[in-house]
Amino acid sequence: MTAITQSHVTGPARGPVRRTERALAPDLARGTMLLFIALANAAVFTFGNQPGAEASPHGWERGFNLAMFVFVHARAYPMFAVMFGYGLVQLTRRQDAQGAGPGAARSVLLRRNAWLVAFGLVHAALLNFGDFLGAYGIVGILFTLLLLRRGERVQRLVLWLWGWMVVYVAVVAGMAVYHAAKSTSGSAAVPTDGVDSLSAPDYATSVADRLGEWPIHTLTVVPFIVIVWLGAWAARRGVLEDPARHRSLLIRTAVIALGIAFAGGVPIGLVSAGFVHVDGSTADAFLLLYEVSGQFGGPGYVALFGLLALRLSKARSDARPKLPVAALAALGQRSLSGYLFQSLAWVLLLSPFTLALAERTGSPTLTACLSAVLVWLATVAGAYLLQRRSLPGPAEKVLRRLTYGPR
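This write-up is about the structure you can find in this document. (Residues numbered from 1 in each chain as written. Predicted model: local features only at pLDDT ≥ 70, side-chain atom pairs only at ≥ 80, totals over all residues. Heavy atoms only, no water.)

### Thoughts on helix 2 (residues 60–72)
Reasoning step 1: With 13 residues, helix 2 extends 17 Å between its outermost C-alpha atoms, agreeing within 8% with the 18 Å of an ideal straight helix rising 1.5 Å per residue.
Reasoning step 2: E61, F64, N65, M68, F69, V70 and V72 are the residues of helix 2 that are buried.
Reasoning step 3: Where the residues of helix 2 are buried, they touch helix 1 (24–47), helix 9 (247–273), helix 10 (280–294) and helix 14 (364–388). (Helix = DSSP H or I, 4+ residues; strand = E, 2+ residues; numbered from the N terminus. Expected span 1.5 Å × (residues − 1). Buried < 20%, exposed > 50% of the residue type's maximum accessible area, 1.4 Å probe, protein only. Contact = heavy atoms within 4.5 Å.)

Written as structure tokens, this is what we have:
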């Protein structure tokens, strides 16, 4: 099926996705990649800046810094943008299959995304300036109004845009090489942006700071509509529902996209790790390359998990996935709750006016890493327990009630 059909039969809008309608790959991807989101956000809270890394690493911290810039920072959250676009199309298809008509699907999407904006505002005010929910809600509204029901020619335009992004990354990479060739050995650090709310002396001040930071941060994320658009393009073709049929596409995407994303993060990662010493202009060029190449982590990681789901489906002999896979998929189905729980944990564990664990240990990097892994494991366990009881995550339950009503 290459396009969303527009039913001429109208009826009531149907409710949220049923468990039997879910594909393994999207849930497995979201559940696993929440670990990367935890690592990135814990580092930002620990060091009080973006992208968040130890300025003077020693020993194992140097390798950790390099790995974070190559695999995690600015590479994990684009995957959620791809999956967000994928979900927009899946939701629309469910409404169409119910015979609800295009108007009902449009109404459900607009209502759900409007509530996402509200969730994002509350999340940002209370917990995390780096909220993505509000931006996704805005992008979801724009996509629903402008792109969702457009023809195939418009949908293919996204591939053309991504082709130009490859060219843009190549140009930026050339600039980085030029600066590196001209550079003399220097002592420039990774350019960072300070975040006032992360160094606030008390909770009330941090809330006031976040209310000023959130709108600016949200505007920087809205251009991710191109990544969301790519996810919608993939959903129209059922790439993750039938990974066996699209295996060649998934392999090419994983190799090319992840190759661009990882290679683009290496130069600034080497600077952050202290393996390479450059001047300020070269560090700026490396940082730009890291930022523009990171968006390719979205489709790359999605393709990788599509291939992993295909491998798992062939490996298991029974219909039930093994415990680790089931637990990760359970968290993927409750990724909104897991994401919000992480933000609460960072405020409680890492803020200077609460436990401030990073200040009480000899290695802030170790504190950030262990906090991220333990908090993520707690959400995996909690999601699996809810799955065993056939219960949704608390945030998902509220959002579904607001979107679909009391059904």
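### Things to note about unusual backbone geometry
Reasoning step 1: Omega for the bond connecting Q50 with P51 falls within 30 degrees of zero, at 5°, which places this linkage in the cis form.
Reasoning step 2: Its location among the elements puts P51 in the loop between strand 1 (49–50) and helix 2.
Reasoning step 3: Here A74, not a glycine, exhibits a phi torsion of approximately 60°, which is positive.
Reasoning step 4: Tracing the backbone through its elements, the reader meets A74 in the loop between helix 2 and helix 3 (77–97).
Reasoning step 5: Of note in this structure, S390 is not a glycine but carries a positive phi near 55°.
Reasoning step 6: Mapped onto the elements of the fold, S390 is located in the loop between helix 14 and helix 15 (394–404).

### What to know about the pattern of salt bridges
Here the idea is simple: oppositely charged side chains can pair when their charged atoms come close.
Reasoning step 1: Inspection of the entire model under this criterion finds one salt bridge.
Reasoning step 2: A salt bridge links D27 to R30; the nearest nitrogen and oxygen atoms lie 3.0 Å apart. Within this pair, D27 and its partner R30 are both found in helix 1, separated by three residues, close to a single helical turn.
Reasoning step 3: Judged by relative accessible area, which is 3%, D27 ranks as buried.
Reasoning step 4: The class for R30 is buried, based on a relative accessible area of 15%. (Salt bridge = Lys/Arg side-chain N within 4 Å of Asp/Glu carboxyl O.)

### A few points about a nonpolar patch on the surface
Reasoning step 1: A contiguous nonpolar patch, built from L157, W160, W164, V167, V171 and M175 and spanning about 600 Å² of accessible area, is present on the exposed surface.
Reasoning step 2: Secondary-structure assignment places W160 in helix 6 (residues 152–182).
Reasoning step 3: You can call W160 exposed: its relative accessible area is 52%. (Patch = residues over 30% accessible without salt bridge, like charges linked within 9 Å, V, L, I, M, F, W, Y side chains within 5 Å. Areas by Shrake-Rupley, 256 points an atom, 1.4 Å probe, with all protein chains shown as cover.)

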